[in-house]
Amino acid sequence: MAEKFDVIVIGAGPGGYVAAIRAAQLGLKTACIDLFTGKDGKPAPGGTCLNVGCIPSKALLDSSKYFYQLQHDYSAHGISVQNASMDVPLMIARKDDIVKKLTGGVGQLFKGNKITYYQGKGKLKAGRQVEVTPVDGSEPLALDADNIILASGSIPIQIPNVEFDGEYIVDNVGALDFASVPASFGVIGAGVVGLELGSVWNRLGAEVILLEALPDFLPIADKDVSKQAAREFKKQGLDIRLGTLVKSAQVKDGQVTVSVEDKNGESQLTFDILLVSVGRKPFTDGLLSDDSGVQLTEQGQIQVDEKSRTTAAGVWAVGDCVRGPMLAHKASEEGIAVAELIAGKPAHIHFDTVPWVIYTDPEIAWVGKTEQELQAAGVEYNVGSFPFAANGRALAGGHGTGLVKMLADAETDEILGVHILGTNASELISECVVAMEFQGSSEDLASMIHAHPTLSEAVHEAALHVDKRAVHRGN
Ligand code: FAD
Ligand code: NAD
């Protein structure tokens, strides 16, 4: 006889585990199923984000940033250090400890909220029946629930003639776990993963070449930000080759030879290790039986409506396996919204105000529309901007690179987008998200007091500059 729950969540990433906790908080009898096994062989709820994504990449970004700053930036402060060295295994062990702490924390939260956790593969069948195949090889279990939340996440896209082998040709999982710094590191795709993980190994001394198919650098960001960011990354030694198509990659004698085609024709490059980071795709393998009633889109996403309802009654889906940006905070917000809808509460998500952050140095962060998007849509807008080079706090800390750029509706002054390149852009963007959530205007931000001296004064000045009354720059 199948064990009965109010809610069963399949997948314990930031979409699934957050949905499960919220459902349990709302008094629903909840189960969560996830496959992930940690490096220590124990269950590791937390999905891509905690295990092999957001958190481990940020741990390595921070470690490598300190090492780079020690060598390049500290001398300006009068600090000199001879023979700085990096213990890569120790850096990786620190990262693994953080991951373990956080996945263990999710396990504790599950216990604290009385969520039943199954480590295994969940498969949705007709009538909201779920079969769990435990990873320990024990007998499959039958569960059922009034509501099912699918949160199965995503996996890296593979490209033809470039086979992952986990050692020389790797995805994000491999690139977070090298035992030493590769002398040469090739990256296919100069997107978010490529820039973040390319930065990590470049800072530690690898020669990094990013092979990007598109002719433009980072076209999802505002053009002023991507232009300045490209200049900064080049100065740091990242060799970003645009308009470069990878034809194939082959491993021979411990090296990867990559055949590429660009405007000069075909050529070959050789690397110690090659990372393929050309995007991710929804992961639904083995998730749905033929009669589950859940349909997929042409792109392989689980089809959902604006309230995250799939085509099967009582079955919902959230996170990377559905439409929208593949971001942890978007997955979590969807998870919370679905749990609240199941409990009969109102809930909705504003996709227009989902912030994006790329954790390079300087960081890139934005919310809302880019200038090129507004132009394409024929929207009339005003622009304000402010460089960190004119911000006292940024200069005091040695962070004078980058800018804040604000776009506001020409008629109503409502903020339509904010784009930041600079240190702590990831934190500064929150103020702009709040302003946009409240349909705030540039005038609203301009009339609010920002503490001095702070980086946030650059946001304030950009807001003032929309109306051409910035104080610390020409208008
Ligand atoms: P996932 O986190 O992928 O979790 C899905 C879980 O479901 C997995 O544990 C999987 O094993 C499990 N699962 C799948 N199918 C089944 C099944 N049938 N049965 C049981 N379990 C199943 N986003 C950010 O917002 N900020 C960042 O800084 C950031 N950094 C990233 C860095 C890297 C290197 C990568 C790869 C991604 C990063 N992301 C970041 C993206 C972020 O990781 C994802 O958007 C987020 O994890 C999506 O959450 P999710 O819950 O939808 O899916
Ligand atoms: P991405 O979409 O960010 O970048 C992929 C890049 O690869 C693009 O620039 C694309 O033009 C290029 N590309 C595609 N096919 C190619 C080919 N055959 N040859 C050369 N270049 C090619 O994807 P990603 O970097 O793999 O990251 C996946 C997703 O994970 C991101 O879109 C994001 O949603 C999420 N993520 C978020 C963060 C963050 O929030 N800081 C960090 C990492 C990942």
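Residues numbered from 1 in each chain as written. Chains lettered and ligands numbered in written order. Predicted model: local features only at pLDDT ≥ 70, side-chain atom pairs only at ≥ 80, totals over all residues. Heavy atoms only, no water.

A word on the overall build of the protein chain
Working step 1: When you go through the protein chain residue by residue, the secondary structure sums to 13 helices and 21 strands.
Working step 2: For 475 residues, the compact-globule estimate of 2.2 N^0.38 gives 23 Å, and the C-alpha radius of gyration of the protein chain, at 24 Å, lies within 12% of that figure.
Working step 3: In terms of overall dimensions, the protein chain has a C-alpha envelope of 75 × 60 × 45 Å along the principal axes.
Working step 4: Across the 475 residues that make up the protein chain, the buried fraction comes to 50%.
Working step 5: Accessible area for the protein chain stands at about 21700 Å²; split by element, carbon and sulfur atoms hold 51% of it.
Working step 6: Positive and negative charge centroids in the protein chain, built from 40 and 60 side chains respectively, lie 3 Å apart. (Helix = DSSP H or I, 4+ residues; strand = E, 2+ residues; numbered from the N terminus. Rg over C-alpha atoms; globule rule 2.2 N^0.38 Å. Buried < 20%, exposed > 50% of the residue type's maximum accessible area, 1.4 Å probe, protein only. Areas by Shrake-Rupley, 256 points an atom, 1.4 Å probe, with all protein chains shown as cover. Lys, Arg positive; Asp, Glu negative; His and termini not counted. Charge placed at Lys NZ, Arg CZ, Asp CG, Glu CD.)

A few points about the environment of Val 404
Working step 1: Structurally, Val 404 is set in strand S20 (residues 403–409).
Working step 2: Along the sequence, Val 404 and Glu 431 sit 27 residues apart, while their C-alpha atoms lie 12 Å from each other.
Working step 3: With near-sequence residues (within four places) excluded, Val 404 lies in contact with Gly 384, Ser 385, Phe 386, Phe 388, Val 418, His 419, Ile 420, Ala 458, Val 459 and Ala 462. (Contact = heavy atoms within 4.5 Å.)

Re the site of ligand 2
Working step 1: For ligand 2, the set of nearby residues contains 21 residues, the closest of which are Val 193, Glu 212, Gly 279, Met 326 and Val 357.
Working step 2: Within the backbone of Gly 279, an N or O atom sits 2.8 Å from an oxygen atom of ligand 2.
Working step 3: Taking 830 Å² as the accessible area of ligand 2 by itself, protein coverage stands at 77%.
Working step 4: Mapped onto the shell around ligand 2, the elements with two or more residues apiece are helix H6 (192–203) and strand S17 (356–358).
Working step 5: By residue number, the principal contributor to the shell around ligand 2 is H6, which donates three residues.
Working step 6: Counted by class, the shell around ligand 2 contains 13 nonpolar, four polar and four charged residues. (Near = heavy atom within 4 Å. Polar contact = N/O pair within 3.5 Å; in protein donor to acceptor, adjacent residues only side chain to side chain. Nonpolar A, V, L, I, M, F, W, Y, C, P; charged D, E, K, R; others polar.)

Brief notes about the pattern of salt bridges
Side chains bearing opposite charge may pair, as long as their charged atoms lie close to each other.
Working step 1: Evaluation of the coordinates by the stated rule reveals 23 salt bridges.
Working step 2: Among the ionic pairs, Asp 177 bridges to Lys 39, the shortest N-O distance being 2.8 Å. One end of the pair, Asp 177, is in the loop between helix H5 (172–175) and strand S8 (184–188); the other, Lys 39, is in the loop between strand S2 (30–34) and helix H2 (47–52), and 138 residues separate them in sequence.
Working step 3: When its relative accessible area of 32% is taken as the criterion, Asp 177 is described as partly exposed.
Working step 4: For Asp 467, the salt bridge identified is with Arg 469, shortest N-O distance 2.9 Å.
Working step 5: For Asp 467, a relative accessible area of 48% translates into the label partly exposed.
Working step 6: Each of the salt bridges in this network shares a partner with another, and the network as a whole consists of Asp 222, Lys 223, Asp 224, Glu 371 and Lys 405. (Salt bridge = Lys/Arg side-chain N within 4 Å of Asp/Glu carboxyl O.)

With respect to the domain arrangement of the protein chain
Working step 1: The assigned domain composition of the protein chain is domain 1 (3–156 + 281–349), domain 2 (169–278) and domain 3 (353–466).
Working step 2: Placing the centre of domain 2 and that of domain 3 at their C-alpha centroids yields a distance of 29 Å.
Working step 3: The interface is formed by 18 residues belonging to domain 2 together with 21 residues belonging to domain 3.
Working step 4: Summed over both partners, the interface of domain 2 with domain 3 buries about 1600 Å², with 64% contributed by carbon and sulfur atoms. (Domains from an automatic or database assignment. Buried area = accessible area lost by both parts, 1.4 Å probe.)

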